[in-house]
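Per-entry structural report
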Amino acid sequence: MDFSSELQVLSSYIERAEKVVVITHMHPDGDAAGSTAALAHYLQDFRHKTVSLIREPLPDTISFIDEHFTPVSGDKAREVLKEADLIFCTDFGVLDRCGEYARELAESKAIKVLADHHPEPQAEAFDLLFSSSELSSASEIVYQLLKGLCRDEEERKALLGGACGYALMCGMTTDTNNFSCSTFPSTLMMASELLAYGINRDEILEKLYNRYRENRVRAFASLLSEHFSIREDGIGIIKVSAESWHKFGLQEGELEGLVNVPLSIDRVKISIYLREDGDTVRVSLRAKKGWSARELAVRYFHGGGHELASGGKLLLGRDLDSFGEIDDYLEKIRL
Ligand SMILES: [Mn+2]
């Protein structure tokens, strides 16, 4: 992806900006964490800007990605959005995805820069777009962006060989599920360059995949055995009620990756994960090549995303009265 003309514009925006905000989507994942952490570090440590990070706290499983920046929330976040002159939005392309701040973001007079990899961004909401669904992750886009902004190789080495590069490697690794999906030639180049800059990928893999609590693995086993079914048409469905969630004492982020497991079965074409969370049912969808998770997310779950990986939600009291009725709702789904 060639962002060179956009980069010139961005560089002048940063030059002039005084109060900068970096914001990402609700329920931040590894990519949201990595892309925001890298940008915030760069802007603060290399460009000496006042930076506010608006992001929900990270789940314990990925909190190591950014232990240095303290995010702001609530009224404080709304205030910094009002006062900002430059806002970076990462890992989401439609304003609604940043939940309670969507309105302030829309109304803000600041220059808004998008760094995102989801298809069909809400282009009119941003002043400058670094957007391509032909790149693995927002972290990869921020990588391209930061690489382009560096003045020389020395700065590049300091930036990408340090906390920024580390966070970006984490974000890219989680969004590609450790190179098993959305991996482009540029993604492998990025990994290779970051390794050459000295980023410790072994440590990242250890922290991402080998430090779960025992509960998580036992919950995977039980949910797959008790609450997973495969329909005739090849849709695999995992249902996690609030009761199961509590039974295993699960924490936010601990069932990350569960939705991928059914795809390892030959006859499963699409996997749907549903989790009861208060008055919402959070939905994740994954598809094998040739099938569209996105289409189902749009049609049945008020959502969207990528062709093979997407998400959405159902609202209790609107789409269904209780999680107990989920089977009836799922009956409607046609491939
Ligand atoms: Mn992402």
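Residues numbered from 1 in each chain as written. Predicted model: local features only at pLDDT ≥ 70, side-chain atom pairs only at ≥ 80, totals over all residues.

**Looking at the overall build of the protein**
Across its full length, the protein carries 13 helices and eleven strands. Against the compact-globule benchmark of 20 Å for 335 residues, the protein has a radius of gyration of 20 Å, which places it among compact chains. When its C-alpha atoms are laid out on the principal axes, the protein stretches across 55 × 40 × 35 Å. Burial statistics for the protein: of 335 residues in total, 41% are counted as buried. Taking all contacts inside the protein whose residues are at least 6 apart in sequence as the whole, residues at least 24 apart take part in 63%. (Helix = DSSP H or I, 4+ residues; strand = E, 2+ residues; numbered from the N terminus. Rg over C-alpha atoms; globule rule 2.2 N^0.38 Å. Buried ≥ 20, exposed ≤ 12 C-beta atoms within 10 Å, placed from the backbone. Contact = placed C-beta atoms within 7 Å.)

**Things to note about helix H3 (residues 74-83)**
Among all positions of H3, only Ala-77, Val-80 and Leu-81 are buried. Across the axial projection of H3, the buried residues extend over an arc of 105 degrees, all falling on one side. Looking at H3, the residues exposed on the side facing more than 90 degrees away from the buried face are Asp-75 and Lys-76. Tucked into the core, H3 has its buried residues touching strand S1 (19-24), strand S2 (50-54) and helix H4 (102-107). (Arc of directions from axis to C-beta.)

**Comments concerning the environment of Pro-28**
Along the chain, Pro-28 falls in the loop between S1 and helix H2 (30-46). When the C-alpha positions of Pro-28 and Pro-57 are compared, they lie 8.0 Å apart, and in sequence the two are 29 residues distant. Apart from residues lying up to four places away in sequence, Pro-28 is in contact with Ala-33, Arg-55, Glu-56 and Leu-58.

**Side note on the packing of helix H5 (residues 138-149) against helix H7 (residues 163-175)**
Two quantities define a packed helix pair, namely the angle between the helix axes and the distance between the axes. Interaxial distance between H5 and H7 falls to 7 Å at its minimum, and their mutual angle equals 145 degrees. Each of Ala-138, Ser-139, Glu-140, Val-142, Tyr-143 and Leu-146 in H5 lies in contact with H7, whose residues at this interface are Cys-164, Leu-168, Gly-171, Met-172 and Asp-175. Among the residues making up the contact of H5 with H7, the classes are represented as seven nonpolar, two polar and two charged. (Axes fitted to C-alpha atoms, helices over the stretch in contact; angles between N-to-C directions. Nonpolar A, V, L, I, M, F, W, Y, C, P; charged D, E, K, R; others polar.)

**Observations concerning the domain arrangement of the protein**
Segmentation of the protein into domains returns domain 1 (4-209) and domain 2 (214-331). Summarising the inter-unit geometry, the C-alpha centres of domain 1 and domain 2 are found 27 Å apart. Residue-level contacts link nine residues of domain 1 with ten residues of domain 2. Split into classes, the residues belonging to the side of domain 1 that touches domain 2 amount to four nonpolar, four polar and one charged. (Domains from an automatic or database assignment.)

**Describing the sheet that holds strand S8 (residues 270-277)**
Spatially, six strands are ordered S6-S7-S8-S9-S11-S10 in an open sheet, and the strand pairing comes out mixed. At either end of the open sheet lies a strand with only one pairing partner, and these are strand S6 (228-230) and strand S10 (304-305). Relative to strand S7 (residues 235-240), S6 is paired through three bridges, and the arrangement is antiparallel. Residue pairing across strands places Ile-230 opposite Gly-236, the latter belonging to S7. (Pairing = 2+ DSSP bridges.)

**Structural notes on the pairing of S1**
As a general feature of sheets, a regular strand has side chains that alternate between the two faces. Across the six residues that make up S1, a large majority, five, are buried. In the sheet, S1 pairs with S2 via five bridges, with the strands oriented parallel. Bridge pairing in S2 links Val-20 to Val-51. Note that the unit made of S1, H2 and S2 has a crossover that is right-handed. Examined bridge by bridge, S1 and strand S3 (residues 86-90) share five bridges and lie parallel to one another. Looking at S3, one finds that Val-21 is bridged to Ile-87. (Right-handed = clockwise from strand over helix to strand, strands pointing away.)

**Here we look at the pairing of S8**
In terms of burial, S8 is a largely internal element, seven of the eight residues being buried. As judged from the six bridges shared by S7 and S8, these two strands associate in the parallel manner. Residue pairing in the sheet places Gly-236 in a bridge with Ser-271 of S8. Here S8 runs beside strand S9 (residues 280-287); their pairing, made up of eight bridges, is antiparallel. Paired with Arg-275 across the strands is Arg-282, a residue of S9. The turn joining S8 and S9, which pair antiparallel and follow one another in sequence, is formed by two residues; a positive phi near 65 degrees is taken by Gly-278.

**Things to note about unusual backbone geometry**
Note on backbone geometry: most residues besides glycine have negative phi, and most peptide bonds are trans. Positive phi, normally seen in glycine, also occurs at Asn-178, with a value near 55 degrees. Within the fold, Asn-178 resides in the loop between H7 and helix H8 (185-196). Despite not being glycine, His-302 has its phi angle at roughly 45 degrees, a positive value.

**Focus: the packing of H2 against H7**
Taken N-terminus to C-terminus, the directions of H2 and H7 make an angle of 160 degrees; their axes are 7 Å apart at the nearest point. Accordingly, the angle class assigned to the pair H2 and H7 is roughly antiparallel. The element H2 and its partner H7 pack so that their crossing is left-handed. Residues Gly-30, Asp-31, Ala-33, Gly-34, Ser-35, Ala-37, Ala-38, His-41 and Tyr-42 of H2 form the contact with H7, whose participating residues are Ala-163, Cys-164, Ala-167, Leu-168, Cys-170, Gly-171, Thr-174 and Asp-175. Its residues assigned to classes, the contact of H2 with H7 shows nine nonpolar, six polar and two charged. (Parallel < 35°, antiparallel > 145°, perpendicular 65-115°, else oblique. Left-handed = near helix turned anticlockwise from the far one by under 90°.)

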